[in-house]
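Summary of the model geometry
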Amino acid sequence: MATSAIIFYTISGVMILFSLLAVTSRRILRAAIYLLFALAGTAALYFMVDYQFLAAVQLIVYAGGIVVLIIFSVLLTTHINEKLEKPTWGKVFITATLALGGLVLTLFILTNHEFVLGTKPSAEATVSVIGERLLGYQAGGYVLPFEVISILLLAAMIGAIVIAKRNATKS
Amino acid sequence: MMEHVPISHVLMVTSTMFFIGAYGFLTRRNLVTMLIGVELMLNAVNINFVIFDRYLYPDQIEGHFFALFIIAIAAAEAAVAIAIFINLYRNIRSIDVEKVDNMKY
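Residues numbered from 1 in each chain as written. Chains lettered and ligands numbered in written order. Predicted model: local features only at pLDDT ≥ 70, side-chain atom pairs only at ≥ 80, totals over all residues.

On to the overall build of chain A, then. Each helix and strand counted, chain A has 6 helices and 0 strands in total. Secondary structure elements in chain A, listed N-terminal to C-terminal, are α-α-α-α-α-α. Taking the principal axes of its C-alpha atoms as reference, chain A extends roughly 60 × 45 × 30 Å. By residue count, 23% of the 171 residues in chain A fall in the buried class. Within chain A, residue pairs in contact and separated by at least 24 positions form 47% of the contacts whose partners lie at least 6 positions apart. (Helix = DSSP H or I, 4+ residues; strand = E, 2+ residues; numbered from the N terminus. Buried ≥ 20, exposed ≤ 12 C-beta atoms within 10 Å, placed from the backbone. Contact = placed C-beta atoms within 7 Å.)

Below you can see the structure in the form of structure tokens.
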């Protein structure tokens, strides 16, 4: 077995383990930390397929931004020693059956489908290529989605501030 | 990695992750933990984009840009969602979904 295969199976084992812990842990803060490990494993996968820029973005935005945001909201809204109550057995059973059924169906289709692998040499995703594509307006350029998403981010930022701001008239 | 790991194995890992996220979204009753489930699902889909791009169309990098844009949208979504949770907690002192039914009637 090649080294990269061993690394890949280790990373995926870690990712699945921590995803399971993140959805079953009864302490919310721990669930957030387990999510952090699952997201870091994803970044490692991106490194393995030679998308260094994407891996860095994943680490900065997900691990550095979203997880910190989740931890802050946990600290603001729940007591630190509080344990979540267990979901009822019936609910767990029905949901697990649904999820497992979907998973089995997906795996069945995956294993029976013949994927036509690309044979061309793989393109380099260097930062200069990414920058030219993101700001390019020729065919294959992404300047319109780039601008739209910058407006979306601005709107989301203003919206978050307005929603979370303390109401001046009430207090 | 691409020579030694078949694409179906990677896709099995991501679909497992996706359904774990779906399970978490459906069983949890606290809004923050439901958000964690949604993030797991988004993340699994993101890996799928990158993996399909790298294995099936290695001469193009479109999957890379899809993943980038999805990350940006996930960040915006998480920021707005958490602002709503904080406002909700301030108003009804709880972020349990069973108690958030004031706006229903």
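Take the nonpolar core next. Within the largest apolar cluster, 68 residues are counted, with the highest numbers of intra-cluster contacts made by Ala22, Ala32 and Leu35 of chain A together with Val32, Ile36 and Val50 of chain B. Secondary-structure elements contributing two or more residues to this core are α1 (3-24), α2 (28-48), α3 (52-77) and α6 (143-164) of chain A together with α1 (7-27), α2 (31-56) and α3 (62-92) of chain B. Looking at which domains feed residues into this core, each of domain 1 (1-84) and domain 2 (122-165) of chain A supplies at least three. Setting aside residues up to four positions removed in sequence, Val32 of chain B forms contacts with Ile28, Ile70, Ser73, Val74 and Thr77 of chain A together with Phe85 and Ile95 of chain B. (Core = buried A, V, L, I, M, F, W, Y, C linked by C-beta atoms within 7 Å. Domains from an automatic or database assignment.)

Moving on: the interface of chain B and chain A. Contacts between chain B and chain A engage 60 residues on the former and 70 residues on the latter. Residue assignment for the side of chain B that touches chain A shows that the elements contributing at least two residues are α1, α2 and α3 of chain B. A per-element tally of the side of chain B that touches chain A places α3 of chain B first, with 20 residues. Split into classes, the residues belonging to the side of chain B that touches chain A amount to 43 nonpolar, 14 polar and 3 charged. (Nonpolar A, V, L, I, M, F, W, Y, C, P; charged D, E, K, R; others polar.)

With that out of the way, let us pick up the domain arrangement of chain A. Domain parsing of chain A yields domain 1 (1-84) and domain 2 (122-165). Between domain 1 of chain A and domain 2 of chain A, the C-alpha centre-to-centre distance is 24 Å.

Turning to the packing of α6 of chain A against α3 of chain B, a few remarks are in order. The interhelical angle for the contact between α6 of chain A and α3 of chain B, taken along N-to-C directions, is 10°, at an axis separation of 8 Å. As far as their axial angle goes, α3 of chain B and α6 of chain A are roughly parallel. Residue-level inspection shows Pro145, Ile149, Leu152, Leu153, Ala156, Met157, Gly159, Ala160, Ile163 and Ala164 of chain A of α6 of chain A in contact with α3 of chain B, the latter providing Phe69, Ala72, Ala76, Ala79, Val80, Ala83, Ile84, Ile86 and Asn87 of chain B. Among the residues forming the contact of α6 of chain A with α3 of chain B, the class breakdown is 17 nonpolar, 2 polar and no charged. (Axes fitted to C-alpha atoms, helices over the stretch in contact; angles between N-to-C directions. Parallel < 35°, antiparallel > 145°, perpendicular 65-115°, else oblique.)

Turning our attention to the packing of α1 of chain B against α2 of chain B. Residues and elements named next belong to chain B. Relative to each other, α1 and α2 sit at 165°, their axes nearing to 7 Å. Here α1 lies roughly antiparallel to α2, going by the angle between them. α2 is crossed by α1, and the crossing has left-handed handedness. In the contact of α1 with α2, the residues fall into 18 nonpolar, 7 polar and no charged. (Left-handed = near helix turned anticlockwise from the far one by under 90°.)

Here we come to the confidence of the model for chain B. Residue and element names in this part refer to chain B. In the predicted model, chain B carries a mean pLDDT of 89, and 96% of its residues have values of at least 70. When mean pLDDT is taken per element in chain B, α1 scores highest with 93 and α3 scores lowest with 90. The ipTM value of the predicted complex is 0.90, and its pTM value is 0.90. (pLDDT = per-residue confidence, 0-100.)

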